[in-house]
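# Observations on chain architecture
So the chains spell out like this:
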Amino acid sequence: MGTRQSEQGSLWVATAELPKSPGHPFYTRLSALLDANDFDGFVEGQCARFYAPVMGRPSLAPGRYFRLLLVGYFEGIDSERGIAWRASDSLAIRSFLRLPVDEPPPDHTTISRTRRVVDLEGHRAVFTWMQQRLVAAGLLKGKTVAVDATMLEANAAMRSIVRRDTGESYQEFLTGLAQASGIATPARADLARLDRKRKKKTSNEDWKYPGDPDAKIAKMKDGRTHLAYKAEHAVDLETGALVAVTLQDADQGDTTTIIETVIAAAEQIEDAQAEIQAPQPLTELIADKGYHSNETMIELATIGLRSYVAEPDSGRRDWSKEPQARTLVYANRRRIRGPRGRRLMRQRGERIERSFAHLYDTGGMRRTHLRGHTNILSVSDSNSGGTWGLK
């Protein structure tokens, strides 16, 4: 049995003796698809305006930056620091990034800086490029789209919220209430008891998080109250391709935000089909009962969409105040009860929930470490293109 010898390394190592990796089959195939469509050349052209003509600090090439985001999604890494570590740890990842073995990987601060420099429109252009590849491959039709939303936990703590009117913290506010009720020096147990007795504890009208005004107080699916955002997806129901992602305030209802998402989806479908001669416009919308309202039916009809929106059981309706919605609501009811409507509803539950699982659970974005709608949308758009364009 041999024993461990001195670990002093060689002063010089020949390039031919450096370790090499045969590459991961998935990343090898992914890189071939990107190269075949000149992905790096496209993003360099899109991002040229963000780079100075005279070099200062060494920059991160646009193609390598977007490849790093794809690695973060496919590896389920939820931070830029983790992406940088993974790039330095794996020879297969270095090969996908076109990173020579003798060149250090980009630092996480460089990735973060590049993300802030490339604006939202630049990230969205990459998303549209991915969709154009889908259209060329017949994997994006654009006729029937399903819409649904999910909550994302914000990078913020409830203990840090402050009053909008006075700027008091939650602890200071409770202390003031306790002193007003006759407790001169309230203990922590007194504050907790007082907080439990309050009926309306927190609302976005009274409270805010000073570090991120876009984060809103909301109830998560597991029952917890947390600062959050609402991500809304539009998915092509025929193929499962992700058409559009919008980020809304978490305290906004589904009936309030659906039209913005539908308009974004229609514009994305138009842009994705810009290179084909007979584009297919968006004509049908599928959604669950959280999106059903008289106003939603009227607005969808106004923009020329045929709705398949599940209807909640609300009993007998009084149409005297909104007679114009009656025909539209009844027509939607007939469609969702027909054979095609039931089939579309089953597909909606399967394919739009799959997009949430890929991006937020497998992709590691259920709790975001970024702040602000623009920052989160930049990464969401890039990862969404990777999800459906290349996986």
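The structure we're discussing is the one just above.
Residues numbered from 1 in each chain as written. Predicted model: local features only at pLDDT ≥ 70, side-chain atom pairs only at ≥ 80, totals over all residues. Heavy atoms only, no water.

### Side note on the pairing of strand β5 (residues 225-236)
Of all 12 residues that make up β5, 11 are buried, and the element is covered over most of its length. Direction of pairing for strand β4 (residues 216-219) relative to β5: antiparallel, over a ladder of four bridges. Counted as the bridge partner of K219 is T225 from β5. Hairpin connection between β4 and β5: a loop of five residues separates the two successive antiparallel strands, and G223 in this loop has a positive phi of roughly 95°. Pairing of β5 with strand β6 (residues 242-249) involves seven bridges; the strand directions are antiparallel. Following the sheet pairing, E232 is matched in β6 by T246. Two successive antiparallel strands, β5 and β6, enclose a turn made up of five residues, where G240 displays a positive phi of approximately 85°. (Buried < 20%, exposed > 50% of the residue type's maximum accessible area, 1.4 Å probe, protein only. Helix = DSSP H or I, 4+ residues; strand = E, 2+ residues; numbered from the N terminus. Pairing = 2+ DSSP bridges.)

### A look at the pattern of salt bridges
By the definition in use, this model includes 20 salt bridges. Across the pair D35 and R67 runs a salt bridge whose closest N-O atoms are separated by 3.2 Å. With D35 in helix α1 (residues 25-36) and R67 in helix α3 (residues 62-74), this residue pair connects regions lying 32 residues apart in the sequence. What makes R67 buried here is its relative accessible area of 1%. Notably, a salt bridge pairs E103 with R64, separated by 3.3 Å at the nearest N-O pair. Of this pair, E103 sits in the loop between α5 (91-96) and α6 (108-117) while R64 sits in helix α3, and the two are 39 residues apart along the sequence. Its relative accessible area of 32% is what places E103 among the partly exposed residues. Relative accessible area serves as the criterion here: at 18%, R64 is assigned to the buried category. One salt-bridge network, held together by shared partners, links D35, D40, R67 and R98. (Salt bridge = Lys/Arg side-chain N within 4 Å of Asp/Glu carboxyl O.)

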